[in-house]
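Residue strings, one per chain:
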Amino acid sequence: MEPSRSGEPLVVIDHVNKHFGELHVLKDITTTVGRGEVVVVIGPSGSGKSTFCRAINRLETIDSGTITIDGVPLPEEGRGLARLRADVGMVFQSFNLFAHKTVLENVTLGPRKVRQISKADADKHAMELLDRVGVANQASKMPSQLSGGQQQRVAIARVLAMDPKLILLDEPTSALDPEMISEVLDVMVQLAQDGMTMVVVTHEMGFARKAADRVLFMADGEIVEEATPEKFFTDPQSPRAKDFLSKILTH
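Residues numbered from 1 in each chain as written. Predicted model: local features only at pLDDT ≥ 70, side-chain atom pairs only at ≥ 80, totals over all residues. Heavy atoms only, no water.

A. Focus on the packing of aromatic side chains. Within the structure shown, the criterion is met by 3 aromatic pairs. Arranged with centres 5.2 Å apart and planes meeting at 50°, the rings of phenylalanine 217 and phenylalanine 244 form a pair that is tilted. Of the two residues, phenylalanine 217 sits in strand E9 (residues 214-219) while phenylalanine 244 sits in helix H9 (residues 239-248), which places them 27 residues apart along the sequence. When the ring of phenylalanine 232 is compared with that of phenylalanine 233, the centres are 5.3 Å apart and the planes differ by 80°; the resulting orientation is edge-to-face. (Phe/Tyr/Trp six-rings, centres within 6.5 Å; stacked < 30°, edge-to-face > 60°. Helix = DSSP H or I, 4+ residues; strand = E, 2+ residues; numbered from the N terminus.)

B. Representation of H9 in the model. Those residues of H9 not exposed but buried are Ala241, Phe244 and Leu245. Looking down the long axis of H9, one finds its buried residues gathered within 95° of arc, a one-sided arrangement. Among the structural elements, strand E3 (38-42), helix H7 (205-211), E9, strand E10 (222-227) and helix H8 (229-234) are those in contact with the buried residues of H9. (Buried < 20%, exposed > 50% of the residue type's maximum accessible area, 1.4 Å probe, protein only. Arc of directions from axis to C-beta. Contact = heavy atoms within 4.5 Å.)

C. Structural detail: the side chain of threonine 51. You can see threonine 51 is positioned in helix H1 (residues 49-56). A relative accessible area of 11% means that threonine 51 is categorised as buried. With sequence-adjacent residues up to four places away left out, threonine 51 is seen in contact with Lys18, Phe20, Val25, Leu26 and Glu60.

D. Fine view of the sheet that holds E3. With mixed pairing, the 6 strands of this open sheet are ordered in space as E6-E7-E8-E3-E9-E10. Of all strands in the sheet, those bounded by a partner on one side alone are strand E6 (88-91) and E10. Strand-to-strand, the axes of this sheet are offset by a mean angle of 20°, without reference to chain direction. Relative to E10, E9 is paired through 5 bridges, and the arrangement is antiparallel. Residue pairing across strands places methionine 218 opposite isoleucine 223, the latter belonging to E10. The strands touched by H1 are E3, E6, strand E7 (166-170), strand E8 (198-201) and E9; relative to E7, the strand with the most contacts, the crossing angle is about 150°. (Pairing = 2+ DSSP bridges. Axes fitted to C-alpha atoms, helices over the stretch in contact; angles between N-to-C directions.)

E. Looking closely at the environment of isoleucine 67. On the secondary structure map, isoleucine 67 appears in strand E4 (residues 64-69). Judged by its relative accessible area of 5%, isoleucine 67 is buried. With 42 residues separating them along the chain, isoleucine 67 and leucine 109 place their C-alpha atoms 28 Å apart. The contact partners of isoleucine 67, leaving out residues within four places of it in the chain, are Val11, Val12, Ile13, Val16, Ala55, Ile56, Ile62, Val72, Pro73 and Leu74.

F. Broad picture of the nonpolar core. Among the nonpolar cores identified, the biggest contains 52 residues, and Ile42, Leu130, Ile156, Met198, Phe207 and Phe232 are the most heavily contacted of them. Leave out the neighbours within four places in its chain, and isoleucine 156 touches Val91, Val133, Val184, Val187, Met188 and Leu191. In this structure, Val11, Val16, Val33 and Leu216 belong to the second largest nonpolar core, which totals 26 residues. (Core = buried A, V, L, I, M, F, W, Y, C linked by side-chain atoms within 4.5 Å.)

So, in structure tokens, the structure goes:
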């Protein structure tokens, strides 16, 4: 396994198993995510990628094994879980913005409610973040007035407003029209360059090549291979990875 840029693990996933009924969706998953590392999770549909991602902030419970973030095991519920979710931001496939709140209100809600930040400070920080993701001019609009790409960038700003230790992105571009994908990926590449710790489930191989420190290739609920993007894309080791790459890189 490649050492992360900082060498210090932020997330430690140890022998994690998860079943949905008879289906064994995560099979003895063990890996770490270093502080400041960008880990991109790829693989065929139904391989357990999203479940893996959602288990890290306990949107999915696990049957066995342990997950620790910054040395602390995932809490079961209650305040500890709320604190964890403040520290571990999540960007979903669907943007999940509050439809009845403006863009600015969407971004300031978490910091005001959870972090107890004043309205003035929350607004100022939110405008800086909206500017960073390129939608500051949309601050007073409602989400329905924005394109999908703009909404997803607001969703990223909303996560950043909580000053998270880690951001999980679960197929953040798969609901977008092709011309909007790049505007979201550009923001994600910038976050990676700024040193944000990220776990990204994606079909965007260009992003994986450009921004990942490490690629995890999953198939049938297992991590089949993990390597640097350079190594994975040019010299995959497993038949499953070779087959997967031959299908997607020829189109």
